[in-house]
Amino acid sequence: MKSTSSIVCRMATKNLQRRPVRTLCMMFFVFMLSTSLFCSSVLVDSMQGTLQKTTDRLGADIIVVPEEYEREMADSLFLGELCSFTFDREWVDVVSNLDGIQECTTQMYMASLAADCCSAATQMIIFDPETDFIVTPWLEQDGLALPQKGELYIGALINPPEPDSIKFFGENYHIIGQLERTNTSYDTCVFMTVETAQEIMDSEGWAAAFGEPTSAAADLVSSMMIRVEDGADAKAIAREINYSIEGAPISAYTTNGIFSGVISSVENIA
């Protein structure tokens, strides 16, 4: 048996030696394939860790957004892409009164421009301190006060031209703090309340870029973050939102479902 194995090894070695160019090509392609697989694995693991941190930071079981905006919302939350979409706040009361919902908070997303009117192209997140369970606990944990009108917090990776001021649509707004790094997309976002968002929408720079606003900031919502009651089925409640509320221009998705979808997309790309 040993002699047979030895003969096979010698034949293979001689075959490789007789065709050095082919051998080198094979070694090169094997090396490239191994490197590609390794890099893909590292990328997927890294992205999965980042996405899981974002999911944990959200603390929501269901996310409600305007119809057909799941991809934009997922790219914003998990990949840091800029987005800006809204629906009417009137649907918030309808959804929040459904059985099985423990608490609900809203956010609005606004994107600044990569132009002279703005310090940088940045995602602005407008939250409601009265109902918020995402940003407010984060501030309280760090001993930070809620932002007032004209004030905002910036993410850890934002570097404004001036340490205490950032410009959006031609107007400067006061930076009252820079949040700790989370290694999520929140590190590149700016956080404010609706009063500051209304100031931005009322500015001449905003009107020049988008025209006069047709609705007040307080009447607009980009997403609803929902926590369900203990023992409630998040998937069932999401289905009820999608199929039982007649005429609603919104769609509900479970956070785990969005998370799995983004991971699948990353794996396909890798």
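Attention in this report is confined to the structure presented alongside it.

Rules and cut-offs
Residues numbered from 1 in each chain as written. Predicted model: local features only at pLDDT ≥ 70, side-chain atom pairs only at ≥ 80, totals over all residues. Heavy atoms only, no water. Helix = DSSP H or I, 4+ residues; strand = E, 2+ residues; numbered from the N terminus. Buried < 20%, exposed > 50% of the residue type's maximum accessible area, 1.4 Å probe, protein only. Contact = heavy atoms within 4.5 Å. Areas by Shrake-Rupley, 256 points an atom, 1.4 Å probe, with all protein chains shown as cover. Phe/Tyr/Trp six-rings, centres within 6.5 Å; stacked < 30°, edge-to-face > 60°. 1 Å grid on protein atoms, 1.4 Å probe; cavity = no way out; pocket = protein on both sides within 12 Å on 5 of 7 lines; lining within 4 Å. Points joined across faces, edges and corners; volume = space filled by probe spheres on them. Nonpolar A, V, L, I, M, F, W, Y, C, P; charged D, E, K, R; others polar. Patch = residues over 30% accessible without salt bridge, like charges linked within 9 Å, V, L, I, M, F, W, Y side chains within 5 Å. Salt bridge = Lys/Arg side-chain N within 4 Å of Asp/Glu carboxyl O. Lys, Arg positive; Asp, Glu negative; His and termini not counted. Charge placed at Lys NZ, Arg CZ, Asp CG, Glu CD. Pairing = 2+ DSSP bridges. Axes fitted to C-alpha atoms, helices over the stretch in contact; angles between N-to-C directions. Core = buried A, V, L, I, M, F, W, Y, C linked by side-chain atoms within 4.5 Å. Polar contact = N/O pair within 3.5 Å; in protein donor to acceptor, adjacent residues only side chain to side chain.

Digging into the overall build of the chain
Reasoning step 1: When helices and strands are counted, the chain shows nine helices and 11 strands.
Reasoning step 2: A buried classification covers 40% of the 270 residues belonging to the chain.
Reasoning step 3: Taking the intrachain contacts of the chain between residues at least 6 apart in sequence as the baseline, contacts between residues at least 24 apart amount to 72%.
Reasoning step 4: Here the chain has roughly 14,700 Å² of accessible surface; of this, 52% comes from carbon and sulfur atoms.

A closer look at the side chain of Ser-165
Reasoning step 1: Position of Ser-165 relative to the elements: it lies in strand E6 (residues 165–168).
Reasoning step 2: For Ser-165, a relative accessible area of 14% translates into the label buried.
Reasoning step 3: Ignoring sequence-local partners within four residues, the contact set of Ser-165 consists of Pro-160, Asn-172, Tyr-173 and Ile-175.

Description of the packing of aromatic side chains
Reasoning step 1: Using the criterion set out here, one finds nine aromatic pairs in the structure.
Reasoning step 2: Considering the side-chain rings of Trp-138 and Tyr-186, the 6.1 Å spacing of their centres and the 25° angle between planes classify their relative orientation as stacked. Of the two residues, Trp-138 is situated in helix H5 (residues 135–141) and Tyr-186 in the loop between strand E7 (171–178) and strand E8 (189–192); the sequence distance between them amounts to 48 residues.
Reasoning step 3: Here a set of aromatic residues connected by ring pairs shows up, and it is made of Tyr-69, Phe-85 and Tyr-109.

Looking at unusual backbone geometry
Negative phi characterises most residues that are not glycine, and trans characterises most peptide bonds.
Reasoning step 1: The phi dihedral of Glu-68 is positive, around 70°, even though this residue is not glycine.
Reasoning step 2: Relative to the elements of secondary structure, Glu-68 occurs in the loop between strand E1 (62–66) and helix H3 (70–79).
Reasoning step 3: One non-glycine residue, Phe-169, adopts positive backbone phi at about 55°.
Reasoning step 4: In this structure, Phe-169 sits in the loop between E6 and E7.

Overview of the layout of surface pockets
Reasoning step 1: Empty space within the largest pocket amounts to approximately 210 Å³.
Reasoning step 2: Around the largest pocket, the lining comprises 16 residues; the ones closest to its centre are Arg-89, Phe-127, Asp-128, Pro-129 and Val-194.
Reasoning step 3: For the lining of the largest pocket, the secondary structure elements donating two or more residues are strand E3 (101–111), strand E4 (123–127), helix H6 (194–201) and strand E9 (220–221).
Reasoning step 4: With three residues, E3 is the largest single contributor of residues to the lining of the largest pocket.
Reasoning step 5: Estimated volume of the second largest pocket: approximately 160 Å³.
Reasoning step 6: Taken together, 16 residues form the lining of the second largest pocket, with Ala-120, Ala-121, Thr-122, Ile-158 and Thr-188 sitting closest to its centre.
Reasoning step 7: For the lining of the second largest pocket, the per-class residue count stands at eight nonpolar, seven polar and one charged.

Regarding a negative patch on the surface
Reasoning step 1: A contiguous patch of negative charge, built from Asp-99, Glu-229, Asp-230 and Glu-240, is present on the exposed surface.
Reasoning step 2: Judged by relative accessible area, Asp-230 falls into the exposed class, the value being 79%.

Considerations on the sheet that holds E1
Paired through backbone hydrogen bonds, the strands of a sheet run either parallel or antiparallel to each other.
Reasoning step 1: Taken in spatial order, the nine strands line up as E6-E7-E5-E8-E4-E3-E10-E1-E11 in an open sheet, and their pairing is mixed. Taken across any chain shown, the strands that pair with only one partner, and hence form the sheet edges, are E6 and strand E11 (250–254). For this sheet the average axis-to-axis angle between neighbouring strands, irrespective of direction, equals 35°.
Reasoning step 2: Relative to E7, strand E5 (residues 151–154) runs parallel, the two being bridged by four bridges. Opposite Ile-154, over in E7, you have Gln-178 as the bridge partner.

Brief notes about the nonpolar core
Generally speaking, soluble globular proteins have nonpolar side chains that are buried together.
Reasoning step 1: In this structure, Ile-63, Met-73, Tyr-109, Tyr-186, Phe-191 and Met-225 are the most contacted members of the largest nonpolar core, which totals 23 residues.
Reasoning step 2: Sorting the residues of this core by element identifies E1, H3, E4, H5 and E8 as the ones contributing at least two each.

Comments concerning the side chain of Gln-123
Reasoning step 1: Assignment of secondary structure puts Gln-123 in strand E4.
Reasoning step 2: For Gln-123, a relative accessible area of 2% translates into the label buried.
Reasoning step 3: Of note is the side chain of Gln-123, whose polar atom sits 3.2 Å from the backbone oxygen of Met-110.
Reasoning step 4: Once you skip the residues sitting within four places of it in the chain, Gln-123 turns out to touch Ser-76, Glu-81, Leu-82, Cys-83, Tyr-109, Met-110, Ala-111, Thr-188, Cys-189 and Val-190.

Honestly, it's all geometry; don't read function into it.
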